[in-house]
Amino acid sequence: MKRFVHTVLSQRVVFGAGTFAELGDELTRFDGQRALVLSTPDQRLLAQATAAKLGAKAVGVFDRAAMHVPIETVDAARSFARSLGADCVVAVGGGSTIGLAKALALEPGLRVVAVPTTYAGSEMTPIYGITESGAKRTGRDPRVLPSTVIYDPDLTRSLPAATSVMSGINAVAHAAEALYAVDRSPITDLLAQEGIAALARAVPVLARSMADVSAVQEQARVDALYGAWLCGSVLGSVSLALHHKLCHILGGSFDLPHAHTHAIVLPHALAYNAAAAPDAMRKIRRALGGESAAQGAYDLAAGAGLSMAMRDIGFKAEDLDSACRLALEHPYPNPRALEPRAIRQLLQDAFDGVRPVR
């Protein structure tokens, strides 16, 4: 076994059906007395219910979390938190809400309890992103890690089937790239493979109507949250590569929907790196099933009913060259060197929605 370094990130995870009821106890553990509850506009009712559950420990609700964490939203949330004298935040929702909470953890330095209702996995990483002037700035800082994460599968019952699928594939992307990251370890490899396999089991079931309350569907929700936890943990321990770089560009600079963009780009990023990372591709293929890692990722998403073409989610053909140029601007670790013509073809394939040939 080769020498490796594995950093363990310090967080408390509470996992299981009904654990949302323990939210107040989790605030008490670090003496949180004045919690600001964060959500997107669509999740306001859940945020209000959360504030009601906390009683005197909640000082307000901020329901303006938005995709890609716009700096304007961050500034408004910071000002609101200061005006209320908040000493912590409770983020109820997906990656957009948890991303906003991370910005408040950076400044003014509020502690975070995350209650994920999707499978984005952001709650398990020290990675943050803020979009300003059409560009998404990302970074790593241990301060943004939530102190506690509450995974309650009961809270995912109202998640639309399409959102469940997109969010689940987004989580798969975290673990897939971790398997060929320059700083991976045997520990991250194990977590990544287990996380991908759990989501590969769950996604086809979650693609059915959210009205399905069968035992099989309930188990799929548990598997998906479990997989998201593992995939997010892995992403927080390794460097990002081509896939995430492209998705940050497409989201931050072209305002494409985050999770759906990940689902579309992943098969093509895997195909690009296939020859340069054969061991990683074998592990991904085994976890996903299929003839290859790239085809397995494509078939998982397409088989669950997702459109696999960027042109269908608002990307314009005339922006392909610009996206390619941005992808090549700043060097970053990737198994295969960044080749302009090949990156341009990758983006074209994702735009057209073609299935990888290998």
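Residues numbered from 1 in each chain as written. Predicted model: local features only at pLDDT ≥ 70, side-chain atom pairs only at ≥ 80, totals over all residues. Heavy atoms only, no water.

### Focus: the nonpolar core
Grouped together as the largest cluster of nonpolar side chains are 75 residues, with contacts concentrated most on I196, L270 and I284. Those residues in contact with I284 that sit more than four places away from it in its chain are A176, L179, I196, L270 and A293. Ranked by size, the runner-up nonpolar core spans 24 residues in total, among them F254, V265, F315 and A350. (Core = buried A, V, L, I, M, F, W, Y, C linked by side-chain atoms within 4.5 Å. Buried < 20%, exposed > 50% of the residue type's maximum accessible area, 1.4 Å probe, protein only. Contact = heavy atoms within 4.5 Å.)

### Some points on a nonpolar patch on the surface
Together, M1, F4 and I187 line one region of the surface with nonpolar side chains, adding up to about 340 Å² of accessible area. Note on placement: F4 falls in the segment before β1 (12–15). Residue classification places F4 among the partly exposed residues on the basis of a relative accessible area of 33%. (Patch = residues over 30% accessible without salt bridge, like charges linked within 9 Å, V, L, I, M, F, W, Y side chains within 5 Å. Areas by Shrake-Rupley, 256 points an atom, 1.4 Å probe, with all protein chains shown as cover. Salt bridge = Lys/Arg side-chain N within 4 Å of Asp/Glu carboxyl O. Helix = DSSP H or I, 4+ residues; strand = E, 2+ residues; numbered from the N terminus.)

### Some details on the layout of surface pockets
In this structure, the largest pocket spans a volume of roughly 1000 Å³. Along the walls of the largest pocket sit 44 residues, with G94, G95, S96, A120 and H258 positioned nearest its centre. Listing elements by their share of the lining of the largest pocket, those giving two or more residues are α4 (95–106), β6 (127–132), β7 (135–140), α5 (161–178), α8 (242–254) and α9 (258–273). Counted by class, the lining of the largest pocket contains 15 nonpolar, 26 polar and three charged residues. In this structure, the second largest pocket encloses a volume near 480 Å³. Taken together, 20 residues line the second largest pocket, and the ones lying closest to its centre are K136, T138, K245, H248 and I249. At the level of secondary structure, the elements contributing two or more residues to the lining of the second largest pocket comprise β7 and α8. With six residues, the top contributor of residues to the lining of the second largest pocket is β7. (1 Å grid on protein atoms, 1.4 Å probe; cavity = no way out; pocket = protein on both sides within 12 Å on 5 of 7 lines; lining within 4 Å. Points joined across faces, edges and corners; volume = space filled by probe spheres on them. Nonpolar A, V, L, I, M, F, W, Y, C, P; charged D, E, K, R; others polar.)

### Focus on empty space enclosed by the protein
Scanning all chains against the criterion turns up one cavity of 30 Å³ or more. If you add up the space inside the largest cavity, you get close to 30 Å³. For the lining of the largest cavity, a count of residues per class yields seven nonpolar, two polar and no charged.

### Details of α9
Residues spaced three or four apart along an α-helix point in a common direction, a consequence of the helix completing one turn every 3.6 residues. Helix length check: α9 (16 residues) gives 22 Å between terminal C-alpha atoms against 22 Å at 1.5 Å per residue, within 8%. Along α9, the sharpest change in direction is near 35° and occurs at V265; proline P267 comes one to four residues later. Of all 16 residues in α9, 14 are buried; the element is thus mostly enclosed. (Expected span 1.5 Å × (residues − 1). Bend = angle between axes of the 7 residues up to and from the residue.)

### Looking at the sheet that holds strand β5 (residues 111–116)
Strand order in the open sheet formed by six strands is β1-β8-β5-β4-β2-β3, with parallel pairing between adjacent strands. Edge positions in the sheet fall to β1 and β3 (58–62), since each of these pairs with one other strand and no more. Going from strand to strand, the sheet's axes swing by 15° on average, the running direction of each strand aside. Bridge count for strand β2 (residues 35–38) against β3 is four bridges, and the pairing is parallel. Each residue of the ladder has a partner; that of L36, found in β3, is G60. Taken strand by strand, helix α2 (residues 44–54) contacts β2, β3 and β4 (88–93), and its axis lies near 175° from that of β3. Packed on one face of the sheet, helix α7 (residues 215–235) meets β1 and β8 (148–151) and runs near 170° to β1. (Pairing = 2+ DSSP bridges. Axes fitted to C-alpha atoms, helices over the stretch in contact; angles between N-to-C directions.)

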